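# Architecture and fold: a report
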Amino acid sequence: MPTVGDILEGKGICICAGSGGVGKTTTSAAIATGMAAQGLKVCVLTIDPAKRLADSLGLRELGNEAERVDPALFERHGIEMKGELWAMMLDAKATFDELVARQAPDEEARDRVLGNRIYQQISSALAGSQEYMAMEKLFELHTEGRFDLLVLDTPPTRNALDFLDAPRRLMQFIEGRSLRVFMRPTGLAAKVAGRGASVALSVFKRIVGFDLLADLAEFFNAFSGMVDGFQARAKRVNSLLADRRTCFLVICGPQGEPVEEAVYFHRKLVEAKLPFGGVIVNKVHYPAEKLRGDGEDLKASLAEKLGEDDLAERVFGNFADYQALAERDAKNIEHLARELRTKGVIRVPYLDEDVHDLAGLAEINRYLFASAEQREAIAAGRA
């Protein structure tokens, strides 16, 4: 069974994908930490509004520019940082502004769009803008060539497919008939300026304090010269996702619904011909070793050690419940591996405490970068 290091060997981009609440942010940070510890210069990007990544890496906050993590922080937790770890939290609005600035034909057009009130509203509200801007920032960093590996923590969406669908939805907006109608010199914007509409808009202007039509016309006229650049850029971003040096890792939990979502997402990756690397299953209950004797023998042994029959009964009940969860997890993971036709399923156990700091990341790293035998030994408390 491969380790994360095996899966990512020779890769330049790792995209951690999955539905919300399955530990993508923590897993992304742990993967980036482990690869940097092996000697690579790694940058991990997150779109996590709760700023869990910054907390887990011992940073006060992250911004839209990559920041290096102090290697001394990891050494305190037994991780020798042979390479460099950098981290950043995506600001979709700032990334969109940067993209507009790059695509603008000149400074005047750039300033007209960035300063436009309509743009300032829609740049934050466009459907799919956050997901698309994540890929745009990924593309930007890849083009710069500053890092050996980029690890992307995809947006916390209820449906992981929103990430794959983001470029298409954004381009539908840019290429849409409604937008092109507005951008024509004789289009809808000009027709709305008729006498009756002008009266209504003048009333609207007094209410909201600005000329809606003038701002609309200004935005669409300035934006019209950037459409071709956006289209070309989107195609290059899509090509990067399908590149052989890009790797998608599917993150899920061991329960039935997350497993089925992972199976469905993998199917969509295959249909889109995007490179699948493996699956990481978080919060897995590992079964305890087989015990000699039957349940009554265990209860008697517990009662003898604990000195109280009622307490022994409760402890035995908790143990039985845990074993049932472990059997369920094992069955679901077996189903997952069978459906995905892969041996690349890495299990991370259910830990006693939620991972929120470097100590937790170090613990997860032990599983992500350990062999199958080492993982079993760690989980059983033998290592």
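Just so you know, these numbers come straight off a predicted model, no measurement behind them.

With that settled, consider the pattern of salt bridges. Under the defined criterion, the tally for this structure stands at 11 salt bridges. Linking R146 and E144 is a salt bridge whose minimum nitrogen-to-oxygen distance equals 3.5 Å. Of the residues examined, E144 reaches a relative accessible area of 41% and is grouped as partly exposed. Bridged by salt links that share partners, the residues E98, R102, E136, K137 and E140 form one connected network.

It is worth spelling out the confidence of the model for the chain at this point. Averaged over the chain, the pLDDT score is 78; the fraction of residues at 70 or greater is 73%. Residue range residues 203-210 is modelled with pLDDT below 50. Its contacts to residues more than four positions away, or to other chains, number six contacts.

What follows concerns a negative patch on the surface. On the surface, D352, E353, D354 and D357 cluster together into a patch of negative charge. Mapped onto the elements, E353 comes out in the loop between β8 (345-349) and α18 (358-368).

A separate point is the packing of aromatic side chains. All told, the structure shown has one aromatic pair when counted by the stated rule. Centroid distance W86 to F147: 5.9 Å. Interplanar angle 70°. Geometry classified as edge-to-face. One end of the pair, W86, is in strand β4 (residues 84-89); the other, F147, is in the loop between α8 (129-144) and β5 (149-153), and 61 residues separate them in sequence. What makes W86 buried here is its relative accessible area of 17%. By relative accessible area, F147 is classed as buried at 11%. Sitting over the face of the ring of F147, K41 holds its NZ or CZ atom 5.3 Å from the ring centroid. Above the ring of W86, the side-chain terminus of R146 is found at 5.8 Å from the ring centroid.

Turning our eyes to something else, we now look at the layout of surface pockets. By volume, the largest pocket is sized at about 580 Å³. The wall of the largest pocket is formed by 30 residues, among which V22, G23, T26, K283 and D354 lie closest to the centre. Looking at the lining of the largest pocket, the elements with two or more residues in it are α2 (24-37), β7 (276-284) and β8. Element by element, the count of residues in the lining of the largest pocket is highest for α2, at four residues.

Where helix α5 (residues 92-103) meets helix α14 (residues 227-241), the closest approach of the two axes is 9 Å, and the angle between their N-to-C directions is 115°. Two packed elements cross with a definite hand, and for α5 against α14 that hand is right-handed. Residues F96, L99, V100, R102 and Q103 of α5 form the contact with α14, whose own contacting residues are G229, F230 and R233. Broken down by class, the residue content of the contact of α5 with α14 amounts to four nonpolar, two polar and two charged.

Take the pairing of β4 next. Along β4, five of the six residues are buried, which leaves the element largely enclosed by surrounding structure. Relative to β4, strand β2 (residues 41-46) is paired through six bridges, and the arrangement is parallel. Note on β4: the bridge partner recorded for C43 is W86.

End to end, α5 covers 16 Å across 12 residues, agreeing with the expected 16 Å (1.5 Å per residue, within 8%). Taken together, the buried positions of α5 are A92, T95, F96, D97, L99, V100 and Q103.

On to the nonpolar core. Grouped together as the largest cluster of nonpolar side chains are 93 residues, with contacts concentrated most on I31 and L57. Leave out the neighbours within four places in its chain, and I31 touches V4, L8, C16, V151, L249, I280, L368 and F369.

What follows deals with the state of the cysteines. Considering all chains together, one arrives at zero disulfides under this definition. For C14, which is in no disulfide, the shortest distance to another cysteine sulfur is to C16 and amounts to 4.1 Å. Exposure remark for C14: the relative accessible area of 0% places this residue in the buried category. The thiol of C247 is unpaired, and the distance to the nearest cysteine sulfur, on C14, comes to 5.6 Å. On the basis of relative accessibility, which here comes to 2%, the residue C247 falls in the buried class.

Conventions adopted
Residues numbered from 1 in each chain as written. Predicted model: local features only at pLDDT ≥ 70, side-chain atom pairs only at ≥ 80, totals over all residues. Heavy atoms only, no water. Salt bridge = Lys/Arg side-chain N within 4 Å of Asp/Glu carboxyl O. Buried < 20%, exposed > 50% of the residue type's maximum accessible area, 1.4 Å probe, protein only. pLDDT = per-residue confidence, 0-100. Contact = heavy atoms within 4.5 Å. Patch = residues over 30% accessible without salt bridge, like charges linked within 9 Å, V, L, I, M, F, W, Y side chains within 5 Å. Areas by Shrake-Rupley, 256 points an atom, 1.4 Å probe, with all protein chains shown as cover. Lys, Arg positive; Asp, Glu negative; His and termini not counted. Charge placed at Lys NZ, Arg CZ, Asp CG, Glu CD. Helix = DSSP H or I, 4+ residues; strand = E, 2+ residues; numbered from the N terminus. Phe/Tyr/Trp six-rings, centres within 6.5 Å; stacked < 30°, edge-to-face > 60°. Lys NZ or Arg CZ within 6 Å of the ring centre and 35° of its normal. 1 Å grid on protein atoms, 1.4 Å probe; cavity = no way out; pocket = protein on both sides within 12 Å on 5 of 7 lines; lining within 4 Å. Points joined across faces, edges and corners; volume = space filled by probe spheres on them. Axes fitted to C-alpha atoms, helices over the stretch in contact; angles between N-to-C directions. Left-handed = near helix turned anticlockwise from the far one by under 90°. Nonpolar A, V, L, I, M, F, W, Y, C, P; charged D, E, K, R; others polar. Pairing = 2+ DSSP bridges. Expected span 1.5 Å × (residues − 1). Core = buried A, V, L, I, M, F, W, Y, C linked by side-chain atoms within 4.5 Å. Disulfide = S-S within 2.5 Å.

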